[in-house]
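Summary of the model geometry
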Amino acid sequence: MFYAFGRLIYRFRWLVLACWIAVLGIALPFAPRVTEPLRVGGFADPALESSKAAATLARDLGYSTSSVIVTYSSDDPSFLATDPRFIAETEASLAGLRNVHAQTTVLTHAANPRQISRDGRTAFEVVSLTTDTEAAAKLIPEITAAIRPPPDLRTRIGGGPAFYADVEKVSQRDLARAEEVAFPIAVVALLLVFGSALAAGLPVLVGGAGVVVILAVIYALGTLMELSIFTVNLATLLGLGLGLDYSLFLSSRFREELAHGFAVPEAVARTLATAGQAVVYSGLTVLIGLCALLTFHINLLVSIGIGGVVVVIVSVLAATTLLPVLLSFVGTRIDALSVRRLVTLLRGNTAQREDEGLWARVAHLVMRHPIAIFLPTLSLLLLLGTPFLHITFSSPDASIMPPSVQSRQVYDILNTEFNASETTPILVVVKTAPGTTAFDAANLATLSAFVGNIQADPRVARVESIVSVDPRLTLTQYQVYYRAIADLQDPYITQFARQYARDDTTLISIISKFPSNSAESRALVAKLRNSTIGNGMIFQVTGATAGVTDVVNGLYRSFPIALLFIVLTTYVVLLFLFRSVVLPLKAIIMNALSIIASYGMLVFVFQDGHFGRLLHFTALHFIEPTLPIIMFCTLFGLSMDYEVFLLSRIKEAYDATGDNAWSVATGIERSARIITSAALIVVLVASSFVSADIVLVKALGLGVAVAVAVDATVVRALLVPATMRLLGHWNWYAPRWLLRFLPRHALATGGALDREGATESLYERDRDLVSP
Amino acid sequence: MRPRLFQFPACFSVFSVVVIVALSGCGSAGVAESFPTPGPNIAAATVPASTPGPVPGTVIRFPLDEAPHPVITEWWYYTGHVQTADGARYGVEYVIFQGSRADFPIGYAAHFAVIDPHTRAFAYDEASSLARNVAFGGSDGFDLRVNDWTMRGRSGADHLHAVMKSGAYAIDLTVTDTKGPVLQGGGQFSYGPGGSSYYYSRTRMRPSGTMTVGGVAKPIVDGTLWFDHQWGNFLATNGGWDWFSTQFDDNSEMMIYHLRDPSGKIVQTFGEYIPPCPRDCSPTKPVPSVALSADQFSITPLGAWTSPTTGISYPSAWRVTVLAQGDVPAMDLTYTPVIPNAELDTRRSTSVIYWEGDCTITGTKGGGPITASGYVELTGYDKPRR
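Predicted model only: the values in this text are computed from it and were never measured.

The rules behind these values
Residues numbered from 1 in each chain as written. Chains lettered and ligands numbered in written order. Predicted model: local features only at pLDDT ≥ 70, side-chain atom pairs only at ≥ 80, totals over all residues. Heavy atoms only, no water. Helix = DSSP H or I, 4+ residues; strand = E, 2+ residues; numbered from the N terminus. Rg over C-alpha atoms; globule rule 2.2 N^0.38 Å. Buried < 20%, exposed > 50% of the residue type's maximum accessible area, 1.4 Å probe, protein only. Contact = heavy atoms within 4.5 Å. Areas by Shrake-Rupley, 256 points an atom, 1.4 Å probe, with all protein chains shown as cover. Pairing = 2+ DSSP bridges. Axes fitted to C-alpha atoms, helices over the stretch in contact; angles between N-to-C directions. Core = buried A, V, L, I, M, F, W, Y, C linked by side-chain atoms within 4.5 Å. Bend = angle between axes of the 7 residues up to and from the residue. pLDDT = per-residue confidence, 0-100. Polar contact = N/O pair within 3.5 Å; in protein donor to acceptor, adjacent residues only side chain to side chain. Parallel < 35°, antiparallel > 145°, perpendicular 65-115°, else oblique. Left-handed = near helix turned anticlockwise from the far one by under 90°. Nonpolar A, V, L, I, M, F, W, Y, C, P; charged D, E, K, R; others polar. Expected span 1.5 Å × (residues − 1). Arc of directions from axis to C-beta.

Here we take up the overall build of chain A. For chain A, the helix and strand inventory stands at 28 helices and nine strands. In summary, chain A has a C-alpha radius of gyration of 31 Å against a globular reference of 28 Å for 772 residues, a match within 12%. By principal-axis analysis of the C-alpha atoms, chain A measures approximately 100 × 50 × 45 Å. In chain A, buried positions account for 63% of the 772 residues.

Below, the structure is given as structure tokens:
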């Protein structure tokens, strides 16, 4: 089928080229605008209890989830935030906010002294907006312009909306920088691999065309549905990686076919029949991994899943249509503009036989001592993965931003100069029985008892509620004061009551003694959720701890299903491809090992903070919960890519000879240059994302780079030959009844196309030289 | 050729299971503890009526209790009049409020008001500040500061200093208790279920020092001030109050008080009569006083004044009658504000608008004519009646 498709592509090459030019013509104006319709948030699932409770708070109590935090700091130790001049200057600084095109309310440190730092020299003001954080982020430039920095104070603007605005700004900068770094590196790598500027230029051209179309499609989808801005980062990374990989694989095969003396039309058809088919199957496995992301309810994951699916489809289409067309035109001129002298110098003599190269020799060495290699290698990979066992999840906050960004500076100030737990309380949203209000005496009595129980918990530092405004006030006093709430004279209690209760809704805010990420705080949330208030009142829990708990629980409840989906479908695809029940399982386990090692690295580096100075970040002390899932789905696909390329070459040799060990060594050697080059390009492209300022993007880049590097070296050179030697002929086993259902020539190998191919003759000649 | 079964490393399948289980196990937390559910508590839900009642607590100690206390509300409150060497008389109000809420820094608010009957001028200013690490207790009395305004005192020898930002008026006074402290309600004053407080007054303090008017410092030659010190875990009531201090020319004093609920209904009354000073009066020894029962006195407004600034209407001029009982003589007194406009809009510092003014008092006491001076404070008139 692929052979015929190749013939067809060659026949209609002008039409295919015209189609691509038309598509690129349409896509080109939209690709640079890709981030316009995309959103910054999307880390939570609106169906989760914490999301619902947050929505109730916003709707019924006017609790603003989008607050801009403005900090003012004095360098003069005697100029304190309690000084009337300090207060006057900060009030004057914010006076311009009334001209902003959004409804803002300002809670100043003069009204809430808890907004004054421990040393008294820093204060923060809370500017609450009625819009959601996403919309509020768009107002940040206007808000920033309206805030007039006082001459004696250092002013910084942070909080959720500023963080979102900074994420958008910094991620675009990261993206541009990554592209600036990745593209030249990839071009140089391709030049080294192909030894010709024209041959190297084709993958760049195809990869570049693919990325333009991908970005335009994401732009179009972004206008139709909510897509995360991080889709672009992943799409660029994956688009460049896959585009170059696939092009590399096909171009290389095309040159091989030309070298075997085939004419250009035949070489194109044979390229598509072999490498093209492998690319489609490989793309299919990547697609499966990314499709699993669509099963989650978190917008970020779905966005990346959709973006990834677009990337794979466009990359496969570009590699199997545009590239063959370009190869048709280039033909035998593919080696034009040679840089071979340099390449030869770098690569050494390549004129050796396929089973005598470095990779084949290593494979033979490994296969002579399979257990001695297998066990330590397996142990090493598992050992690398062990840091993953103490992974701590948390939602992304401004700590993922570089210290030079104001939202990060404000975050640091709030965490170091104020009580960190104060800004991340556990929020209990209480609804009273129908027909009653939170201020009814009976409800106050029940709330008071419930709050008293919470306060008695040793993990609780403080509880803020309408019945715990001040520990010196009694329940009876609250009942008296709230009987005529509108007439309360005390500004503090009035403001408190207004913020914490309205009609049938009231808020209990619990400040834990422990960080929001801690096991203690999570246990508190669990304890609350196991409790009931009584008197017909019901409640939901939200806040940072509950939010992360819900997201993580939700994600990792769905993850095994997604995992199973990926594993089973990949297994089936590989079963069709290799006609073996064992090889797909082996491939899946090898992939899992690379991913586990990269997971371990992720925790070791970004959570534990190792190599922070080298990589320019400060320890996060947590991992964003979606990151391992994104990495798993992406890496599973990418690693499977190489596994498919490798096993298809091994199977090609095995189909021709039936000798397991020889096939393994030969397959590894034959695919070595391409897989090494492809992996090198992906590692380099992914590594370019390590230069990103956003730690999440940095982590994704490093995670992918490590996993691919491990996969292309340790797994391919050591684990695959050792395992395949241990498995022996079990590698190729499939029950007879099953084989009846599997297509006979799923993988159109060179041997199948070329009955008298070089493989068989080479094997016959050298059978006695290789290991038994 | 069929491969031999034993060659298949079983660890692969075991490993894949371990991976899946390890990944799926992440993030799970399963603690089954819970908070006890409060039972139905009808008694707690029944709010008693707001009536005065005994306040548990210790008696007031001097000078220990002159110092600030770690309570929700506390104030040091001077009202009265001073006479300068040029014969001018000025009504003066100078108060510092201390507010402590939860674990916030302590908030201070100060009001300083002057009534000039000669020019019929009324001027006031307010200030507020926050303080951390306030030292409560001690035997050094109080030493308060709100920005540049200060108030110090111990054993009835106090010093007051305040300057209006406009420069219109300033005081630099030393006030001396000439009679001794009065324990209002025995020193314990209750707001019923709304809270309770400790309360003493120095009802006759003699001022000296200077009164600065328009930048000109005038020596003070005479005058009488009334000092209240009240503290406790209570908040200002939802309604308001009418408070009257009276300093009779015969060296006796009287304080009467109405607390109103949000509807304007009087829910609590309080009165204390302080006879002339006995021979052994001391600034640290409480002087005897007589509590007035609710049915022993009445307060009847005689007129009203509407603020042109805020539009709030206040009663203006009152007739106060007191029935004779025990050591308390019968009284029939008329309180007339020296000037009607003595409204303070202090929403910036204490969130309230109130009226507080110097009054001339005439009438009879014990059957004979008597004159007196005093101050009246009216709060809660800025809210609509419910």
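What chain B contains, in helices and strands, is two helices and 23 strands. Of the contacts formed within chain B by residues at least 6 apart in sequence, a portion of 59% connects residues at least 24 apart. Here chain B has roughly 15800 Å² of accessible surface; of this, 56% comes from carbon and sulfur atoms.

Residue and element names in this part refer to chain A. Spatially, the four strands line up as an open sheet ordered β2-β3-β1-β4, and their pairing is antiparallel. In this open sheet, the two strands that pair with only one neighbour each are β2 (104–107) and β4 (153–159). Taken pair by pair, the neighbouring strands of this sheet meet at an average axis angle of 20°, ignoring direction. Note that β2 and strand β3 (residues 122–129) share four bridges and pair antiparallel. In the strand pairing of β3, Thr 105 is matched with Ser 128. Sitting on the sheet, helix α4 (residues 84–94) is in contact with β1 (67–74), β2, β3 and β4, with an inclination near 140° to β1.

Turning to the nonpolar core, a few remarks are in order. One finds A:Phe559, A:Phe606, A:Ile629, A:Phe632, A:Ile694, A:Val704 and A:Val708 to be the most contacted residues of the largest nonpolar core, which totals 213 residues. Ignoring anything within four residues of it in the chain, the contact list for A:Val704 reads A:Leu237, A:Leu635, A:Leu638, A:Val682 and A:Ala686. Counting 103 residues, the second largest nonpolar core, distinct from the first, contains A:Tyr500, B:Ile115, B:Met254 and B:Ile353.

Another point: helix α10 (residues 264–291) of chain A. Along its length, α10(A) reaches its greatest deviation from straightness, about 35°, at A:Leu272. In terms of burial, α10(A) is largely enclosed, as 24 of its 28 residues are buried.

Next up on the list: the confidence of the model for chain A. Residues and elements named next belong to chain A. Summarising the model, chain A shows a mean pLDDT of 83, and 92% of its residues fall at 70 or more. Within chain A, strand β5 (residues 426–431) carries the highest mean pLDDT (95), whereas helix α28 (residues 758–766) carries the lowest (41). Throughout residues 345–351 the model reports pLDDT below 50, and contacts reaching past four residues in sequence, or to other chains, amount to six contacts. This stretch, residues 747–772, has a pLDDT under 50; its non-local contacts, to residues over four places away or in other chains, come to 46 contacts.

Here we take up the side chain of B:Ser197. Residues and elements named next belong to chain B. Summarising the element assignment, Ser 197 is placed in strand β10 (residues 196–213). Residue class for Ser 197 comes out buried when judged on its relative accessible area of 0%. A polar contact is formed between the side chain of Ser 197 and the side chain of Gln 230, at a distance of 3.0 Å. For Ser 197, the residues in contact, after removing those within four places along its chain, are Gly 187, Gln 188, Phe 189, Tyr 191, Gln 230, Trp 231, Gly 232 and Phe 234.

As a further point, take the packing of helix α9 (residues 230–259) of chain A against α10(A). Residue and element names in this part refer to chain A. Look at α9 against α10: their axes get within 8 Å of each other, and the N-to-C directions meet at 155°. By the criterion of interaxial angle, the relationship of α9 to α10 is roughly antiparallel. For α9 against α10, the interelement crossing comes out right-handed.

Residue and element names in this part refer to chain A. Where α9 contacts helix α24 (residues 660–688), the axes come no closer than 9 Å and their chain directions differ by 160°. For the element pair α9 / α24, the angle class is roughly antiparallel. Crossing of α9 against α24: the hand is right-handed. Where α9 approaches α24, its residues Leu 237, Leu 240, Gly 241, Leu 244, Asp 245, Leu 248, Phe 249 and Ser 252 are matched on the opposing element by Arg 673, Ile 674, Ser 677, Ala 678, Ile 681, Val 682, Val 685 and Ala 686. Here the residues of the contact of α9 with α24 sort into eleven nonpolar, three polar and two charged.

Residues and elements named next belong to chain B. Here chain B averages 85 in pLDDT, and 85% of its residues register 70 or above. Segment residues 1–31 is flagged for pLDDT under 50; beyond a separation of four residues in sequence, or across chains, it makes 46 contacts in the model. Per-residue pLDDT stays below 50 along residues 42–55; that stretch engages in 28 contacts with residues further than four places along the chain or on separate chains. Scored as a whole, the predicted complex attains pTM 0.73, and scored at its interfaces, ipTM 0.82.

Let's shift gears to helix α14 (residues 370–385) of chain A. All names here are of chain A. An ideal rise of 1.5 Å per residue puts 22 Å on 16 residues; α14 measures up with 22 Å between its terminal C-alpha atoms. Buried within α14 we find Pro 370, Phe 374, Thr 377, Leu 378, Leu 381 and Gly 385. Taken down its axis, α14 places every buried residue within 100° of arc, on the same side. In α14, those exposed residues whose orientation departs by more than 90 degrees from the buried face are Ala 372 and Leu 383.

Right, let's talk about unusual backbone geometry for a bit. All names here are of chain B. Look at the link from Phe 62 to Pro 63: it is a cis peptide, with omega at 0°. Mapping Pro 63 onto the fold places it in the loop between α2 (42–45) and β1 (73–84). The backbone phi angle of Ser 155 is positive, close to 55°, even though this residue is not glycine. The residue Ala 317 is not glycine, and still its phi comes out positive at about 80°. For Ala 317, the location among the structural elements is in the loop between β18 (313–315) and β19 (318–322). The buried category is assigned to Ala 317, whose relative accessible area is 15%.

This paragraph deals with the side chain of B:Thr203. All names here are of chain B. Relative to the elements of secondary structure, Thr 203 occurs in strand β10. A relative accessible area of 0% means that Thr 203 is categorised as buried. Engagement of the side chain of Thr 203 in a polar contact is seen with the side chain of Glu 253, the distance being 3.0 Å. Apart from the residues within four sequence positions on either side, Thr 203 is in contact with Lys 179, Val 182, Leu 225, Trp 226, Gln 247, Glu 253 and Ile 274.

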